[in-house]
Amino acid sequence: MTVLSASLSVPRRPKLLLVDDQPINIQTLFPIFSADYEVFMATTGAQALKVCANQYPDLVLLDVMMPDMDGHEVCRQLKANPATRNIPVIFVTAQDNPENESLGLQIGAVDFISKPVNAAVVRARVRLHLLLRASLEQVQLLNEDLEARVSARTRELEGALEQLRASQDSLASSEAKATLSLLVASVSHELGTPLSNSVMAASTLAERASDFQGLVEAGAIKRSDFTAFVATIGEGTDLIQRNLHRAHELLGHFRQVAADQASEQRRVFDVAQTIQEILHTLQPSLKRFPHRVTLDIPSGITMDSQPGALGQIVINLINNAYLHAFDHETPGLLTVRVRLADTQVHLVFADNGVGIAPDNLSKLFEPFFSTKIGQGGTGLGLAIVHNLVVKTLGGAIRVSSDLGHGTRFEIELPQTQS
Ligand SMILES: Nc1ncnc2c1ncn2[C@@H]1O[C@H](COP(=O)(O)OP(=O)(O)OP(=O)(O)O)[C@@H](O)[C@H]1O
Ligand SMILES: [Mg+2]
């Protein structure tokens, strides 16, 4: 507002065009304006149009009744031309004729002055319309400035949003690495038992073999020693075989999960098998708690998509249930149910834990929303899940909760990723 009033004034020596076929009328008007205006004159409509095109006057005082081309026609042509459309026109008319005046207004005049003109009145009217036009131009300028500022701000915000998206993607990839190292830790822990069992059995066998060799060399061997030695070898190799088989099995599960986690590879996979493999690799950390995960997944549902992304979703939702839904004394239950409907795979993760307050429900997928800030939670798990479901796999996710009775995440994924 201050800007507007401060710079609002009639341009210095504005250009004024006087149009009248009677030179005497022009002579009357001329001295009224000559001191403050640069005055142009025309005695025909055609001349008036020419001056307007060349000089672009700030205002035209236009006689109505003229031979050849009357004032109305001049005004129509001025308004039809984009270059002269904004020049204000005031008709100077001899008749006091309301119909004539309303026609003039319809074709774009801003005002009327009756002849004979009163010098003070005509000066005041001209000045008023020049001020009006100046203020309109100012408002237009302010609008343009505002539009420019709004679009600059929009561009800035778009840039910031883009950065946010990029950092979310990089968070997602660091989360993928974190998931991978969690898997590495839990599998190496799990492999430890069968491998150390095997090492122990092998060293016991080595001891027995060296004892047996001693007996053989001393020639003191009895049939019963021989039978006992064969039995020990049998038990030992059996133990070693079972433990190595278990280790091999674990490695098999792990290899697929790790490969899927480490790549963004798309392949055809069996949903039940993939989720089972993930659950296996999580077992070492989950079995410390009394809770259970039940899988209700018909075999034979396949997807052509990214199993690594699905794995991360499953891991985050299982971890969240164990961390947030259940207290550590009461055994909780998480059910993972999968169904194929048409070409959509429908997954439900439902726990019977504490549930989520309605106020928190709407913020759940926002990055950094966590009720465990300062206790190990960063609030990124569900933001990443949302990102993976929607952006990576092209699906949708919903959450609902009955406070005190549990939480339910429902995910729809296209069976074939587009
Ligand atoms: N199954 C659930 N039951 C109850 N509350 C949940 C459940 N899952 C998530 N929440 C709530 O949602 C919040 C956000 O979860 P999110 O996975 O995004 O973050 P976080 O688990 O706190 O931290 P992060 O996953 O980054 O380690 C949690 O802090 C918790 O309050
Ligand atoms: Mg989490």
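Conventions used here
- Residues numbered from 1 in each chain as written.
- Chains lettered and ligands numbered in written order.
- Predicted model: local features only at pLDDT ≥ 70, side-chain atom pairs only at ≥ 80, totals over all residues.
- Core = buried A, V, L, I, M, F, W, Y, C linked by C-beta atoms within 7 Å.
- Buried ≥ 20, exposed ≤ 12 C-beta atoms within 10 Å, placed from the backbone.
- Helix = DSSP H or I, 4+ residues; strand = E, 2+ residues; numbered from the N terminus.
- Contact = placed C-beta atoms within 7 Å.
- Expected span 1.5 Å × (residues − 1).
- Near = placed C-beta within 6 Å.
- Nonpolar A, V, L, I, M, F, W, Y, C, P; charged D, E, K, R; others polar.
- Pairing = 2+ DSSP bridges.
- Right-handed = clockwise from strand over helix to strand, strands pointing away.
- Axes fitted to C-alpha atoms, helices over the stretch in contact; angles between N-to-C directions.
- Parallel < 35°, antiparallel > 145°, perpendicular 65-115°, else oblique.
- Left-handed = near helix turned anticlockwise from the far one by under 90°.
- pLDDT = per-residue confidence, 0-100.

*Asks:* What should I look at first to understand the nonpolar core in this one?
*Replies:* Generally speaking, nonpolar side chains in soluble globular proteins are found buried as a group. Ranked by internal contacts, the top residues of the largest apolar core, which has 37 residues, are Ile 313, Val 314, Leu 317, Ile 318 and Val 385. With ten residues, helix 9 (residues 307–325) is the single largest residue contributor to this core. If we skip the residues at most four places from it in the chain, Ile 318 touches Leu 282, Val 293 and Leu 334. Among the nonpolar cores identified, the runner-up in size contains 26 residues, and Leu 18, Leu 59, Val 74 and Leu 78 belong to it.

*Asks:* What should I look at first to understand helix 8 (residues 271–286) in this one?
*Replies:* The periodicity of an α-helix, 3.6 residues per turn, causes residues three or four positions apart to be oriented the same way. Under the 1.5 Å per step criterion, the end-to-end length of helix 8 is 21 Å for 16 residues, consistent within 8% with the ideal 22 Å. For helix 8, the full list of buried residues reads Val 271, Thr 274, Ile 275, Glu 277, Ile 278, Thr 281 and Leu 282.

*Asks:* Help me understand the site of ligand 1, please; the structure alone is not making it clear to me.
*Replies:* Taken together, 22 residues lie near ligand 1, and Ser 370, Thr 371, Gly 377, Gly 381 and Leu 382 sit nearest. Looking at the shell around ligand 1, the elements that each hand over two or more residues are helix 9 and helix 11 (381–392). Per-element tally for the shell around ligand 1: the top contributor is helix 9, with five residues. Residues belonging to the shell around ligand 1 are distributed by class as follows: ten nonpolar, ten polar and two charged.

*Asks:* Any chance you could explain the pairing of strand 3 (residues 59–63) here in plain terms?
*Replies:* Successive side chains on a regular strand alternate, one facing one side of the sheet and the next facing the other. Burial within strand 3 is extensive, with five of its five residues counted as buried. Here four bridges tie strand 3 to strand 4 (residues 89–93), and the two strands are oriented parallel to one another. Bridge pairing in strand 4 places Asp 63 opposite Val 92. Between the parallel elements strand 3 and strand 4, the chain passes through helix 4 (residues 71–80) in a crossover that is right-handed.

*Asks:* Even after reading the chapter, I still don't get the packing of helix 9 against helix 11, so can you show me in this structure?
*Replies:* Packed helix pairs are characterised by how far apart their axes lie and by the angle those axes make with each other. Running from amino to carboxyl end, helix 9 crosses helix 11 at an angle of 150°, the nearest separation of the two axes being 10 Å. Comparing their axes, helix 11 and helix 9 come out roughly antiparallel. For the element pair helix 9 and helix 11, the recorded crossing hand is left-handed. Along the contact surface, helix 9 presents Ala 309, Gln 312, Ile 313, Asn 316, Leu 317 and Asn 320, while helix 11 presents Gly 381, Ile 384, Val 385, Leu 388, Val 389 and Thr 392. In terms of residue class, the contact of helix 9 with helix 11 is made up of seven nonpolar, five polar and no charged.

*Asks:* Looking at this model, I keep getting lost on the sheet that holds strand 9 (residues 333–341). Mind explaining?
*Replies:* Backbone-to-backbone hydrogen bonds pair the strands of a sheet. The strands run either parallel or antiparallel. Taken together, five strands build an open sheet; the order of strands is 7-9-10-12-11 and the sheet is mixed. Single-partner strands in this sheet number two, and they are strand 7 (292–296) and strand 11 (396–402). Put simply, the sheet's adjacent strands are angled 15° from each other on average, direction ignored. Bridging between strand 7 and strand 9 involves five bridges; their strand directions are parallel. Looking at the pairing, Arg 292 lines up with Leu 333 of strand 9.

*Asks:* Mind showing me how you'd approach the pairing of strand 9 here?
*Replies:* Two elements, strand 9 and strand 10 (residues 344–351), share eight bridges in a ladder whose sense is antiparallel. Its bridge partner being in strand 10, Val 336 is matched across the sheet by Phe 349.

*Asks:* Help me out: how do you make sense of the packing of helix 8 against helix 9 in this one?
*Replies:* In the contact formed by helix 8 and helix 9, the axes pass within 10 Å of each other and the chain directions differ by 40°. As far as their axial angle goes, helix 9 and helix 8 are oblique. Taken as a pair, helix 8 and helix 9 cross one another with a handedness that is right-handed. For the pair helix 8 and helix 9, contact is made by Thr 274, Ile 275, Ile 278, Leu 282 and Leu 286 and by Pro 307, Leu 310, Gly 311, Val 314, Ile 315, Ile 318 and Tyr 322, respectively. Residue classes in the contact of helix 8 with helix 9 are distributed as ten nonpolar, two polar and no charged.

*Asks:* I keep staring at the sheet that holds strand 2 (residues 38–42) and nothing clicks. Help me out?
*Replies:* On the basis of which strands lie adjacent, the open sheet formed by five strands has the order 2-1-3-4-5 and parallel pairing. In this open sheet, the two edge strands, each paired with only one partner strand, are strand 2 and strand 5 (111–114). Along the sheet, successive strands turn relative to each other by an average axial angle of 20°, direction set aside. The pairing of strand 4 with strand 5 spans four bridges and is classified as parallel. Bridged to Thr 93 within strand 5 is Ser 114.

*Asks:* Can you walk me through helix 9 in this structure?
*Replies:* When the terminal C-alpha atoms of helix 9 are compared, their 26 Å separation across 19 residues agrees well with the 27 Å that a helix rising 1.5 Å per residue should span. Extensive coverage of helix 9 is indicated by the burial of 16 of its 19 residues.

*Asks:* Just to check I follow, could you spell out the confidence of the model for the protein chain for this structure?
*Replies:* Any segment with low pLDDT has predicted coordinates that should not be analysed in fine detail. Chain-level statistics for the protein chain give a pLDDT mean of 86 and a share of 89% at 70 or above. Contacts from residues 1–7, a stretch scored under 50 in pLDDT, to residues over four places away or in other chains number four contacts.

*Asks:* What exactly am I supposed to notice about unusual backbone geometry here?
*Replies:* What is expected of a backbone is that most residues other than glycine have negative phi and most peptide bonds are trans. Of the consecutive residues Lys 115 and Pro 116, the connecting peptide bond is found in the cis state with omega at -5°. Phi is positive for Asp 342, which is not a glycine, with a value near 60°. On the basis of neighbour counts, which here come to 7 C-beta atoms within 10 Å, the residue Asp 342 falls in the exposed class.

*Asks:* Just to check I follow, could you spell out the environment of Pro 194 for this structure?
*Replies:* With respect to the element layout, Pro 194 can be found in helix 6 (residues 119–217). Each C-alpha atom, one on Pro 194 and one on His 248, is 9.6 Å from the other, the two residues being 54 residues apart in sequence. If we skip the residues at most four places from it in the chain, Pro 194 touches Asn 243, Leu 244, Arg 246 and Ala 247.

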